[in-house]
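# Topology and contacts: notes
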Amino acid sequence: MAAAETVLRTKLAVLISGEGSNLQAILDACASGTLPAEVCVVISNRAGAHGLRRAAAAQVPIHALLATSGTAREDYDATLRILIERHAPELILLAGFMRVLSDEFVRHFRGRLLNIHPALLPKYRGLHTHRRALAAGEHEHGCSVHFVTEELDGGPVIAQAKVPVKPDDSETSLAARVREREHALYPLVVRWLAEGRIKLDGSRILFDGQPMAGPRVFGVNEDIA
Ligand code: GAR
C-alpha cells in the first residue's frame, strides 16, 4: 500500500474590498495545485463585495468587518487582527483591500503581510494609478507585489510585471491589461513565499537566501512563471 502523502499547504488570509478578481486568481491557483496553499478566510470591509461571493462559492469562511463612522482605526485593526488570528494563517494577502492599516497592525504581521498595487512602484503610490500613468504619458505601466510596512505602498517590492501603454488606451482598458498581469504575478509571488524562498530580512528581501538587488521585473513580453 502506498504511504499516505502529506501535503503541507500554507494557510492564507485574504483581505478584499470589492471585485475580488485577484482573490479568484489565488483560489484558482490553489485549486489547480500550482500554489501549494489554501485560503483559510476572506475578510472584506464592505458587506456587498463581490469577492465574498467568490469565497463562499469556494467554501472558504467569510467575514464582513465594517467600520462605522466613529470607529477608531486602531480599534478596527485590533478586531481585524483577532479575526485573522482565529484562522491561524501563515500569510495575509491584501487583494484590493482599500483601507489604510495602522502601524501596529502592520508591525505585528511584518514579513507575512503582502499587497498587490496597480503601478510600478515607487511610481504612483496611492489611488488612481492608471489615470495618473496616462496623464504622465507613460509608455509602460504595470503592477507590483510588495511587503507591507508602515509606509503606505512603500514596503520592499518583491516582483513587478510591466504592460505597454497604448496610444488609444483609456483608464478602463489600461486597468484591464494590468489586472490580467496581476492575476499571474500574485499567485507566483505567494508561491515563492509558501515555498520558503522569499523572506523579509530587515528591509532587505532574501531570495533563496541571497539578498535581492531589486524586484524581479517581468517585461512586457515576458511570461510570468
Ligand atoms: C487591483 O487592481 C489591485 O491592484 C488594486 O485594486 C484592484 C483590486 O481588484 N489595489 C489597490 O489599488 C491597492 N492600493 P480585485 O478586487 O478585482 O482583485
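Residues numbered from 1 in each chain as written. Predicted model: local features only at pLDDT ≥ 70, side-chain atom pairs only at ≥ 80, totals over all residues. Heavy atoms only, no water.

### As for the pairing of strand β4 (residues 91-94)
Side chains Leu91 and Leu93 of β4 all project onto a buried face; the interleaved residues Ile92 and Leu94 project onto the opposite face, where all are buried too. With three bridges connecting them, β4 and strand β5 (residues 113-117) associate as parallel partners. For Ile92, the partnering residue across the bridge sits in β5 and is Leu113. At this point the chain moves from β4, through helix α4 (residues 103-108), to the parallel β5, and the crossover so formed is right-handed. (Buried < 20%, exposed > 50% of the residue type's maximum accessible area, 1.4 Å probe, protein only. Helix = DSSP H or I, 4+ residues; strand = E, 2+ residues; numbered from the N terminus. Pairing = 2+ DSSP bridges. Right-handed = clockwise from strand over helix to strand, strands pointing away.)

### Regarding unusual backbone geometry
Note on backbone geometry: most residues besides glycine have negative phi, and most peptide bonds are trans. The omega torsion of the bond from Leu121 to Pro122 falls at 10 degrees, within 30 degrees of zero and hence cis. Examined against the element boundaries, Pro122 turns out to sit in the loop between β5 and α5 (129-135). For His128, which is not glycine, the phi dihedral falls at a positive 55 degrees. Looking at the element boundaries, His128 is found in the loop between β5 and α5. The backbone of Asp153 sits at a positive phi, close to 55 degrees, despite the residue not being glycine. Here Asp153 shows up in the loop between β6 (140-147) and β7 (157-164). Residue classification places Asp153 among the buried residues on the basis of a relative accessible area of 11%.

### A short note on the site of the ligand
If you check the shell around the ligand, you find Glu19, Gly20, Ser21, Asn22, Gly96, Met98, Ile116, His117, Pro118, Arg179 and Glu182 and nothing else. A distance of 3.2 Å separates an oxygen atom of the ligand from a polar atom in the side chain of Arg179. In isolation the ligand exposes 450 Å². Once the protein is present, 89% of that is buried. Judged by its atoms lying within 2 Å of the grid points, the ligand is housed in the largest pocket. Contributions of two or more residues to the shell around the ligand are made by α1 (21-32), β5 and α6 (171-194). (Near = heavy atom within 4 Å. Polar contact = N/O pair within 3.5 Å; in protein donor to acceptor, adjacent residues only side chain to side chain. Areas by Shrake-Rupley, 256 points an atom, 1.4 Å probe, with all protein chains shown as cover. 1 Å grid on protein atoms, 1.4 Å probe; cavity = no way out; pocket = protein on both sides within 12 Å on 5 of 7 lines; lining within 4 Å. Sits in = over half its atoms within 2 Å of the grid points.)

### A look at the sheet that holds strand β9 (residues 204-207)
Taking strand neighbours across the sheet as the criterion, the three strands line up as β8-β9-β10 in an open arrangement whose pairing is antiparallel. Because the sheet does not close on itself, it has two edges, and the strands there are β8 (198-201) and β10 (210-211). Across four bridges, the pairing between β8 and β9 is antiparallel. Counterpart to Lys199 in the pairing with β9 is Leu206.

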